[in-house]
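# Survey of secondary and tertiary structure
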Amino acid sequence: MRWTTLFLLTAAAASQSAAQNLTSRTSTQNYTSVYGAGGDTFTPSDSFTSTALIASDTKTMSFHDFQSGFVLGDPNRPWSAEVSLDLSHTYSITG
């Protein structure tokens, strides 16, 4: 009788399964840019953090800018800068 009981307990333990539960999530996306010339400096930045407990999500960020001028106000020393950022973050939880 002891052997039969041991066998049944082992079989029951082997058939158990575990599940995963999503209890928290943090996604952060950010950018910082520095551009310019002479005394003109531009420093755009942006950031987001998402903690939504959903099965899938997509977040995007974009920044586009064009600046121009003259180094120290001298018309013989022109400058220009163009910045273009396109960021995307996607996740999906399966299983």
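Below you will find a few notes about this structure. (Residues numbered from 1 in each chain as written. Predicted model: local features only at pLDDT ≥ 70, side-chain atom pairs only at ≥ 80, totals over all residues. Heavy atoms only, no water.)

## Considerations on unusual backbone geometry
- Backbone geometry places Leu72, a non-glycine residue, at a positive phi of 55°.
- Along the chain, the position of Leu72 falls in the loop between strand S5 (56–70) and strand S6 (78–92).
- With a relative accessible area of 69%, Leu72 lands in the exposed category. (Helix = DSSP H or I, 4+ residues; strand = E, 2+ residues; numbered from the N terminus. Buried < 20%, exposed > 50% of the residue type's maximum accessible area, 1.4 Å probe, protein only.)

## Section: the packing of aromatic side chains
- This model, assessed by the stated rule, comprises three aromatic pairs.
- Their ring planes at 35° and their centres at 5.9 Å tell us that Tyr31 and Phe63 sit as a pair that is tilted. Separated by 32 residues along the polypeptide, Tyr31 in strand S1 (residues 27–32) and Phe63 in strand S5 bring together distant segments of the chain.
- Between Phe42 and Trp79 the ring centres are 6.5 Å apart and the planes differ by 45°, which places this aromatic pair in the tilted class. (Phe/Tyr/Trp six-rings, centres within 6.5 Å; stacked < 30°, edge-to-face > 60°.)

## Things to note about a nonpolar patch on the surface
- A contiguous nonpolar patch, built from Leu22, Leu53 and Ile93 and spanning about 270 Å² of accessible area, is present on the exposed surface.
- Mapped onto the secondary structure, Ile93 falls in the segment after S6.
- Taking the relative accessible area as the measure of exposure, Ile93 reaches 42% and is therefore partly exposed. (Patch = residues over 30% accessible without salt bridge, like charges linked within 9 Å, V, L, I, M, F, W, Y side chains within 5 Å. Areas by Shrake-Rupley, 256 points an atom, 1.4 Å probe, with all protein chains shown as cover. Salt bridge = Lys/Arg side-chain N within 4 Å of Asp/Glu carboxyl O.)

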